[in-house]
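# Close look at the chain arrangement
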Amino acid sequence: GPGEPAGERDSWEQVYLLDRMRSAARRINPEHQDLVEEAIKRVQRAESQSELAENLRVHRLLVDGVPVEYRGPDGQVRTAYLRLVDFDDPDNNEWLAVSQVTIVGNKTRRPDVLVFVNGIPLALLELKNPADEHATLKNAWNQVQTYRTDIPAVFTPNAVTVISDGTSAAMSSFSGAFEHYAPWKTIDGRDVISNRPALEVLIKGVFEPARFLDLVKNFVLFSDEPPGMVKRVAKYHQYWAVNAAVE
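My aim in this report is to walk through the structure given alongside it, one point at a time. Since this is a predicted model, take the numbers as computed values, not measurements.

Glancing now at the pattern of salt bridges. All told, the structure shown has 15 salt bridges when counted by the stated rule. The partner of Arg83 in a salt bridge is Asp88, with the nearest N and O atoms 3.4 Å apart. Looking at Asp88, the relative accessible area reads 63%, which means it is exposed. Between Glu200 and Lys204 there is a salt bridge; the shortest N-O distance is 2.8 Å. On the criterion of helical spacing, the pair formed by Glu200 and Lys204 is a turn pair, its members being four residues apart in helix H5 (residues 198-206). Each of Asp19, Arg22, Arg26 and Glu37 takes part in salt bridges that share partners, so that together they form one network.

With that settled, the discussion passes to the pairing of strand E9 (residues 169-172). Burial of the side chains of E9 extends over both faces: Ala169 and Met171 are buried on one face and Ala170 and Ser172 on the other. Across four bridges, strand E8 (residues 160-164) lies against E9 in antiparallel orientation. Among the inter-strand pairings, Ser164 is bridged to a residue of E9, identified as Ala169. Where E8 hands over to E9, the hairpin turn is made up of four residues, of which Gly166 adopts a positive phi near 100°.

Take the packing of aromatic side chains next. Using the criterion set out here, one finds eight aromatic pairs in the structure. Taken together, a centroid distance of 5.2 Å and an interplanar angle of 25° make the contact between Phe207 and Phe212 stacked. A relative accessible area of 14% means that Phe207 is categorised as buried. Residue Phe212 is classed as buried on the basis of its relative accessible area of 0%. Feature note: the residues Trp184, Phe219, Tyr236, Tyr239 and Trp240 constitute an aromatic cluster, connected by ring pairs.

In this section: the environment of Pro209. Along the chain, Pro209 turns up in helix H6 (residues 209-218). A relative accessible area of 28% means that Pro209 is categorised as partly exposed. Considering only alpha carbons, one finds Pro209 and Ser164, 45 residues apart in sequence, at a separation of 21 Å. Dropping the residues within four chain positions of it, Pro209 is found in contact with Pro90 and Trp95.

As a packed pair, H6 and helix H7 (residues 236-246) sit with axes 12 Å apart at the nearest point and diverge in direction by 95°. Here H7 runs roughly perpendicular to H6, going by the angle between their axes. Touching Arg211, Asp214 and Leu215 of H6 are Tyr239, Trp240 and Asn243, all from H7.

This part is about the sheet that holds E8. Pairing in this open sheet of five strands is mixed, and the strands run E3-E6-E7-E8-E9 from one edge to the other. Both outer strands of the open sheet, strand E3 (95-99) and E9, are each paired with one neighbouring strand and no more. Going across the sheet, the axis of each strand differs from the next one's by a mean of 20°, ignoring polarity. Direction of pairing for strand E6 (residues 113-117) relative to strand E7 (residues 120-127): antiparallel, over a ladder of five bridges. Within the sheet, the bridge partner assigned to Val113 lies in E7 and is Leu125. Contacts between helix H4 (residues 137-150) and the sheet are confined to E7, E8 and E9, with E8 contributing the most and set at about 140° to the helix.

Looking now at unusual backbone geometry. Positioned with a positive phi, Gln100 is a non-glycine residue whose angle comes to about 55°. Among the secondary structure elements, Gln100 is positioned in the loop between E3 and strand E4 (103-104). Given a relative accessible area of 42%, Gln100 falls into the partly exposed group. At Asn118, a position not held by glycine, the phi torsion is positive, near 55°. Here Asn118 is to be found in the loop between E6 and E7. Residue classification places Asn118 among the buried residues on the basis of a relative accessible area of 0%.

Rules and cut-offs
Residues numbered from 1 in each chain as written. Predicted model: local features only at pLDDT ≥ 70, side-chain atom pairs only at ≥ 80, totals over all residues. Heavy atoms only, no water. Salt bridge = Lys/Arg side-chain N within 4 Å of Asp/Glu carboxyl O. Buried < 20%, exposed > 50% of the residue type's maximum accessible area, 1.4 Å probe, protein only. Helix = DSSP H or I, 4+ residues; strand = E, 2+ residues; numbered from the N terminus. Pairing = 2+ DSSP bridges. Phe/Tyr/Trp six-rings, centres within 6.5 Å; stacked < 30°, edge-to-face > 60°. Contact = heavy atoms within 4.5 Å. Axes fitted to C-alpha atoms, helices over the stretch in contact; angles between N-to-C directions. Parallel < 35°, antiparallel > 145°, perpendicular 65-115°, else oblique.

The structure is reproduced here in C-alpha cells:
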C-alpha cells in the first residue's frame with residue numbers, strides 16, 4: 001500500500017504496480033527503453049466510459065503491443081510497438097499473486113486475490129470461506145458485481161475472473177453472467193480430474209504460466225452483438241480442443 005515501507009503504489013486508487021511494469025517493459029524492449037514511460041501512460045489513459053470498451057483497449061495493447069511514435073536517426077517518425085507482457089517467453093515475465101489488496105474507488109474494497117503479470121492485474125479471484133454457511137458460488141459472483149460498481153478500475157486490465165465457494169470453482173470474463181462461469185476440469189491435458197479439489201485443478205490448470213499467457217492472448221474473445229459488446233473466455237474443453245487441433 002502507499003506510504004508503507006515496501007509500498008508499490010502511489011495511491012490507493014492505483015491498480016497497476018508501476019515499478020514492476022517499468023522494469024519488465026525495459027527488460028522486454030531493450031531497444032526502446034526511452035519509450036517505456038510513454039507506453040505505460042498510454043495503457044493508463046482511458047478513452048471510453050464503457051468498462052468493456054476499456055477492457056478491450058487494454059487487452060489489445062497488451063496482446064499487440066503499445067504503439068509509441070518516435071523519431072529515428074534519419075529524422076523520420078516511426079512507430080514502435082512496446083510489449084508489456086512477453087507472450088513468447090513466460091519466464092521473462094514477473095508473476096505475483098497478492099491477497100487482500102486495498103483499492104479505493106467509489107468505495108474501498110479488498111479483492112481476495114489479484115494475480116499480477118509484470119505489475120498488471122490480469123486475474124481476480126474471489127474465494128469464499130468454505131466454513132461460512134453463506135459461502136456459495138453465487139455469493140462470490142455477487143461480490144464480483146459489487147467490485148464492478150465500487151472499484152471498476154481493477155477490471156480495466158482484467159483478463160479472467162475466478163469465483164469459488166471453497167469447494168467448487170468457476171471462471172469467466174468479469175462481465176459474464178453467473179451461468180457463463182464454468183469450472184476448469186483439467187490440469188495439463190484433456191483428462192478430466194475429479195479426485196482433487198475443483199479450486200486446485202482450476203488454479204493449476206489455468207495459471208501455469210505458459211498456459212495462462214496462451215489463454216489471455218488467444219482465448220479471450222470480444223464481439224459486438226445486439227445487446228452491446230460481449231467478452232468471452234474459452235472453457236477448458238474449447239481450449240484443449242483448439243490446441244489439440246493445432247498440434
